[in-house]
Every structure is written in structure tokens, then in C-alpha cells.
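Examination of the molecular architecture
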Amino acid sequence: MANIVQFENVGLRYGPGPETLTDISFTLERGAFHFITGTSGAGKTSLLRLLYLANRPTRGIVRMFDEDVASLPRSRMPLLRRRIGVVFQDFRLLPHLSTYDNVALPLRIAGIAEREVDERLREMLDWVGLSARAGVKPATLSGGEQQRAGIARAVIAQPDLLIADEPTGNVDPDMAKRLMHLFESLNRLGKTVVVATHDHHLMNRVPQAKIMEIDQGRLTNRDDLRRPRARPVRV
Ligand SMILES: Nc1ncnc2c1ncn2[C@@H]1O[C@H](COP(=O)(O)OP(=O)(O)OP(=O)(O)O)[C@@H](O)[C@H]1O
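A brief structural summary.

Rules of the game
- Residues numbered from 1 in each chain as written.
- Predicted model: local features only at pLDDT ≥ 70, side-chain atom pairs only at ≥ 80, totals over all residues.
- Near = placed C-beta within 6 Å.
- Nonpolar A, V, L, I, M, F, W, Y, C, P; charged D, E, K, R; others polar.
- Pairing = 2+ DSSP bridges.
- Helix = DSSP H or I, 4+ residues; strand = E, 2+ residues; numbered from the N terminus.
- Contact = placed C-beta atoms within 7 Å.
- Axes fitted to C-alpha atoms, helices over the stretch in contact; angles between N-to-C directions.
- Buried ≥ 20, exposed ≤ 12 C-beta atoms within 10 Å, placed from the backbone.
- Core = buried A, V, L, I, M, F, W, Y, C linked by C-beta atoms within 7 Å.
- Domains from an automatic or database assignment.

So, on to the site of the ligand. All residues in the neighbourhood of the ligand are listed as Y14, G15, T20, G38, S40, G41, A42, G43, K44, T45 and S46. Tallied by class, the residues present in the shell around the ligand amount to two nonpolar, eight polar and one charged.

The pairing of strands in a sheet comes from backbone hydrogen bonds and takes either a parallel or an antiparallel form. An order of β2-β1-β4-β5 is seen for the four strands of this open sheet, with the pairing classed as antiparallel. The sheet terminates laterally at β2 (21–29) and β5 (67–68), the two strands that pair on one side only. Bridge analysis of strand β4 (residues 59–64) against β5 gives two bridges, and the strand direction is antiparallel. In the sheet register, R63 faces β5, and the bridge partner there is D68. Each of β1 (3–12), β2 and β4 touches helix α1 (residues 44–51); the most contacted strand, β1, lies at about 125 degrees to it.

Read across the sheet, six strands follow the order β6-β7-β8-β3-β9-β10 without closing on themselves; strand pairing throughout is mixed. At either margin of the open sheet sits one strand with a lone partner, and together these are β6 (84–87) and β10 (218–221). For this sheet, the mean inter-axis angle between neighbouring strands, taken without regard to orientation, is 20 degrees. Relative to strand β9 (residues 210–215), strand β3 (residues 33–37) runs parallel, the two sharing four bridges. Looking at β9, one finds that I36 is bridged to M212. Seen against the sheet, helix α5 (residues 143–155) touches β6 and β7 (161–165) and runs at an angle of roughly 175 degrees to β6. Strand contacts of helix α6 (residues 173–188): β3, β7 and β8 (192–196), with the helix running at about 150 degrees to β8, the strand carrying the most contacts.

Here we take up the environment of I151. You can see I151 is positioned in helix α5. Among the residues examined, I151 registers 26 C-beta atoms within 10 Å and is labelled buried. For the pair I151 and P167, spaced 16 residues apart in sequence, the C-alpha to C-alpha distance is 7.5 Å.

Ranked by size, the top nonpolar core spans 60 residues in total, and within it L47, V103, A152, L162 and I163 carry the most contacts. Shared between two domains, this core holds at least three residues of each, these being domain 1 (1–83 + 160–224) and domain 2 (84–158). Every residue in contact with A152, bar those within four places of it in the chain, is listed here: V103, M124, L125, V128 and L130.

What follows is the structure, encoded as C-alpha cells:
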């Protein structure tokens, strides 16, 4: 199966008002890299929430890993979710756990032996520059450190689908570059990556990625956004 995600005429409505997402249709192929862009409030996070199974659509069909999300029994959801790594805009680190234990969580949930957990944690924390902060609680981390811990937690178990909501919003340009390299490395391993961002520099860094734009809840392909603008023709 080449498509791991398929949306058909999907709508999402939070309340009695108009739909937040309307007629969303797209597919994500295994190993694809997609950016989702759009102005604030356009619906990027809402679309990601459907992708990481925090919401079910109010109409249309969402298929993930060959399962129809609407008819999937709740008991099967956790298994599906384990195949998805999420970098949240607001990090969502567990406050009572150390940086180390936050990042280790997906491996422990997957039942990985503690020795291997430790090996992978050392490598990952070193890579995101958090080795010296391994023992501290999230409240004492800076915004950028929390974001890196959130990213490390999302990728540590090498999920089939990695979803990131503004993952470079709180880090400096050098770290943003390194994080995008990390996402690209995962992508080269065959993982599917979806990144929501306002940052056009970021989109230009991944030439093979597809760009989708949400505008007032509707999705369009915008690969043209990456190309340099044509010079105005003088007459
Ligand atoms: N839980 C909710 N209940 C009601 N309305 C919501 C809810 N979540 C989002 N919305 C509304 O849906 C619309 C889209 O919000 P969403 O967060 O998806 O946009 P966004 O493109 O991610 O914005 P930003 O770039 O600012 O994060 C907004 O009008 C928002 O107020």
C-alpha cells in the first residue's frame, strides 16, 4: 500500500457555526514530505489534529494505515497512534517527568529494554544538545530546550508518520537547520513527514517536499510558493 493517509471530502466543525475545515481531499504516500502552510487561524492545527487522531472528522472519510478512522473501535486507536510521532506547538511535556523520562516515554510504551532505551536516549539527547539537561523537569527548561525535548520525544521511536506543528518556532536558525536535517534523515529512512509552518525559508530547505496551503479551511497545492518569484515584465 503506497498511501498511508487518505482524506476524502473531509469536513471538521467544532460547534454549531460554519465548518473549520471544508472538503479536504489529499493523500500522503509512504515516504512523502509535506509542508502545510497558511495564515494564523486558517486551520493548520485542526488538520494536524485529524492526522494525529485527536479529532474525528464531522464528515468525509479519513483512512490511516489502511484503517477507516470513523469505524475504528476505540480499543484499536492506541496501536495506530503509536505509529505517529507528534511535535506539538505547545510542547506538551509531562511536568512531573525529567527531560530524560519525557523523551524515553515512547520507547517505554513500546516495551523496549531499558539498556537500549538508555543507549538511544544518550545519542538523541546529545544530538539535540540536551545531555546536560537530562535530569531536570520541563519547567526549568527554556522554550527552545522544551521544543527540542518535544522533537526528540516525537522522533525517538522512529514513527511511520511524523507530524510537527511549527517545530522551529522557538529555536535559533542553526538549530532549525539541524532539526530539518533530522526530519529529512527520517524521511530518507522511508518515514512520512508533515510539517505545519509559516516559515518559507524552512520550506525552501527541503526541495523534494510538497507544499499545501490552507486558506479559510480549504486545502490547495502550492508548490509554486517555493519557486522564486518571476520578475515583473517591463513594458
Ligand atoms: N477546539 C476548538 N473549538 C472551537 N474552535 C476552534 C477549536 N480549535 C480551533 N478552533 C478554531 O478553528 C479555526 C482554525 O484554528 P487552527 O488552530 O486550526 O488554525 P491554525 O491555522 O493552526 O492557526 P495558528 O497558525 O494560529 O496556530 C480558528 O478560527 C480557531 O478559532
